[in-house]
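# Coordinate analysis (summary)
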Amino acid sequence: MTYAAITGWGKCMPPAVLTNDDLSTFLDTSDEWINSRTGMRERRVSHVSAIDMSVVAVSQALACAGLEGRDIDLIIYGSCSNDEGVPNSASGVQLAIGATRAAAMDVNTACTSFCYGLATATAMIRSGMVKTAVVIGVELISRFMDWSNRNVAVLFGDGAAAVVLQASDVESGLIGSVLGCDAEARETLRVRGLGLSYANKDVRFGDTLWDFDGPVIFKRAVTAMAEASIRVMADCRLTADDIDLVVPHQANLRIIESLAKYSGIPMERVMVTVHKYGNMSAATVPVALVEALEDGRVTPGGTIMMPAFGGGLTFCSLIVKWGDRVTPLGLSDKALPPCTKTALELVNESRAMHDAHGRSLQGLMSPLFVEASLG
Ligand code: UT7
């Protein structure tokens, strides 16, 4: 039997830190509200493109595995914030790391994109189609955030991480997965302004309005992730006691605590990064995984569960059996260029562009717009 062992890991966190107090300078919000409702204290804002962040994360992951770009057969780029629609983003990473032999595909299932990508790459390795893959989770949400909407602007951050998978005869890597989609709730999270439905409508790309029903998403996310976790544990003939570490999607500390409770796993065995990075959508799970490794929380042969949810509403829970190695074989000196601005300055630039252009989406796009155009 062939398995897909995780042999490399790396992250790229942009240096500019946006605090809750920074957000309070232009939104009717407070550190007290954000922290008590979400557990978030700060998040990162990127000064470079999503591909640039990915290249640093992938370079670290390759060095960690002792591999080079030309060793890679497949690149999966998990994200909902692509630098461009065409060409795809995975091709940009392929070019930058010299992975000339690699197939390169983008996967967008919103916040679950890394997890769906990990499942896809594992299946392709286990089927014998490819031997070595890179899976990326990256997000640059600050570039299409509606900074005037306190319901969403306080929740998200930028970042990237990647893993390397290699074919192995030893049982390790992804050993169980439940992937699903609660499409009846797809209206609860929509970024108006992104996508071809908004073309030729006097909408400038980057101007967005978010339809976001936080409380409904909250409830459906907890249910979906808990049910998927219970199912995947049963599929793998494991109980909650067998899970050494949970590395969940980090949308809200209260969601994570509810999930842990329903899954029967104490919070001491749950990795939490939401206080320092907010919700980085597809980058959230892989960044938390990399930090769990850096913190010594992943043990050789350990069992890790990764539940996640995102717009769609896509959901999943994965179980990974770790291999023997929990330390990198090498380190890359690839790093981001220095950032000369504060996070608040970067955000204020975005806000100024948005205001200068006007709120062209207001009134133009109703949630029914997409359905009407289909009908
Ligand atoms: O990864 C996928 C995306 N992530 C999610 O979908 C997250 C899921 N949802 C959540 O995490 C929570 O629902 C939120 C954090 C978004 C909101 O927390 P909540 O406890 O569900 O609050 P709420 O939406 O019921 O709002 C409570 C109050 C409202 O005021 P009123 O109507 O009670 O007067 C909001 O207008 O809090 C107000 N509010 C805020 N106040 C200060 C909403 N956002 C803010 C804010 N600062 N940033």
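Now for a look at the structure at hand. Remember, it's a predicted structure, so these values are computed and weren't measured experimentally.

### Topic: the site of the ligand
The local shell around the ligand holds 23 residues, among which Thr 29, Arg 37, Asn 252, Arg 254 and Asn 279 are the closest. Taking Arg 37, its side chain carries an N or O atom lying 2.8 Å from an oxygen atom of the ligand. A distance of 3.0 Å separates a nitrogen atom of the ligand from a polar backbone atom of Gly 214. Against a free-state accessible area of 960 Å², the protein chains account for coverage of 73% of the ligand. Listing elements by their share of the shell around the ligand, those giving two or more residues are α2 (31-38), α6 (150-153), α7 (214-235) and α8 (253-263). The dominant element in the shell around the ligand, judged by the number of residues it contributes, is α7, at four residues.

### Some points on the side chain of Ser 263
By the element assignment, Ser 263 lies in helix α8. Given a relative accessible area of 8%, Ser 263 falls into the buried group. Side-chain polar atoms of Ser 263 contact the backbone oxygen of Leu 259, separated by 2.7 Å. Setting aside residues up to four positions removed in sequence, Ser 263 forms contacts with Ala 226, Ser 229, Met 233 and Ala 240.

### Brief notes about the pattern of salt bridges
Two side chains that carry opposite charge are able to pair once their charged atoms sit near each other. For the structure on display, the rule yields 10 salt bridges. Glu 187 is the partner of Arg 190 in a salt bridge, and the nearest nitrogen-oxygen pair spans 2.7 Å. The class of Arg 190 is buried, set by a relative accessible area of 11%. Three or more residues joined by partner-sharing salt bridges are found here, namely Lys 11, Lys 276, Glu 291 and Glu 294.

### Re the side chain of Arg 44
Here Arg 44 lies in strand β3 (residues 42-45). In this structure, Arg 44 is buried with no salt-bridge partner, the nearest side chain bearing the opposite charge being Glu 42 at 5.2 Å. Separated by 2.9 Å, the side chain of Arg 44 and the backbone oxygen of Pro 14 make a polar contact. If we skip the residues at most four places from it in the chain, Arg 44 touches Met 13, Pro 14, Pro 15, Ala 16, Val 17, Gly 157, Asp 158 and Tyr 277.

### Details of the packing of α7 against α8
Their axes nearest at 9 Å, the elements α7 and α8 cross at an angle of 35°. Here α7 and α8 pass one another in a crossing that is right-handed. Of α8, the residues touching α7 (which contributes Phe 218, Val 222, Met 225, Ala 226, Ser 229, Ile 230 and Met 233) are Arg 254, Ile 255, Ser 258, Leu 259, Tyr 262 and Ser 263. The residue inventory of the contact of α7 with α8, partitioned by class, reads nine nonpolar, three polar and one charged.

### What about the packing of aromatic side chains?
Overall, the coordinates contain four aromatic pairs when judged by the stated rule. Look at Phe 26 and Trp 147: their rings are 6.2 Å apart centre to centre, the planes differ by 75°, and that puts the pair in the edge-to-face class. With Phe 26 in the loop between α1 (20-24) and α2 and Trp 147 in the loop between β6 (132-139) and α6, this pair connects stretches of sequence that are 121 residues apart. Taken as a pair, Phe 26 and Trp 147 share a single burial class, namely buried. A centroid spacing of 5.9 Å and a plane angle of 10° characterise the contact between Phe 144 and Trp 210, whose relative ring orientation is stacked.

### Notes on the nonpolar core
Core analysis: the biggest nonpolar cluster contains 44 residues, and Val 163, Leu 165, Val 247, Ile 304, Met 306 and Trp 322 have the highest contact counts within it. With eight residues, helix α5 (residues 113-126) is the single largest residue contributor to this core. If sequence neighbours within four positions are ignored, Met 306 has contacts with Leu 118, Val 247, Val 285, Leu 289, Cys 316, Ser 317, Leu 318 and Val 320. Ranked by size, the runner-up nonpolar core spans 29 residues in total, among them Leu 62, Ile 97, Ala 102 and Ala 162.

Calculation rules
In this convention, every chain numbers its residues from 1, walking through the sequence in written order. The predicted nature of this model means local features are confined to residues of pLDDT at least 70 and side-chain atom pairs, given and counted, to a pLDDT of 80 or more, with totals for whole chains, interfaces and linings taken over all residues. The side-chain values count all of the structure's non-hydrogen atoms but skip hydrogen atoms and water molecules. For this purpose, a residue is taken to be near a molecule or strand whenever a single non-hydrogen atom of the residue falls within 4 Å of it. Identification of polar contacts relies on pairs of N or O atoms within 3.5 Å, with a donor-acceptor requirement for protein atoms, meaning one able to donate a hydrogen and the other able to accept it, and with residues adjacent in sequence counted only if both atoms are side-chain atoms. Here the accessible surface of atoms and residues is derived via Shrake-Rupley with a 1.4 Å probe, and residues count as covered only by protein chains that are part of the display. For the purposes of this entry, the term helix denotes a DSSP run of H or I that reaches at least four residues, the term strand denotes a run of E that reaches at least two, and both are numbered from the N terminus. Between buried and exposed lies partly exposed: a residue is buried under 20% and exposed over 50% of the maximum accessible area for its type, with that area taken using a 1.4 Å probe on protein chains only. Contacts were defined at the residue level, with two residues in contact if any of their heavy atoms lie within 4.5 Å. Throughout this description, the term salt bridge denotes a Lys or Arg side-chain nitrogen within 4 Å of a carboxyl oxygen of Asp or Glu. Only four residue types enter the tally: Lys and Arg on the positive side, Asp and Glu on the negative side, with His and both chain ends excluded. Only C-alpha atoms enter the line fits that serve as axes; for helices the fit covers just the stretch in contact. Angles between N-to-C directions range over 0 to 180 degrees. In this scheme, a crossing is called left-handed if the near helix is turned counterclockwise away from the far one by less than a right angle; it is called right-handed if the turn is clockwise. Amino acids are sorted into nonpolar (Ala, Val, Leu, Ile, Met, Phe, Trp, Tyr, Cys and Pro), charged (Asp, Glu, Lys and Arg) and polar (every other residue, Gly among them). Centres within 6.5 Å make a pair out of two Phe, Tyr or Trp rings, where for Trp the six-membered ring is used; the pair is then stacked when the planes are under 30 degrees apart, edge-to-face when over 60, and tilted otherwise. Think of a nonpolar core as a cluster: buried Ala, Val, Leu, Ile, Met, Phe, Trp, Tyr and Cys residues, connected wherever their side-chain atoms sit within 4.5 Å.

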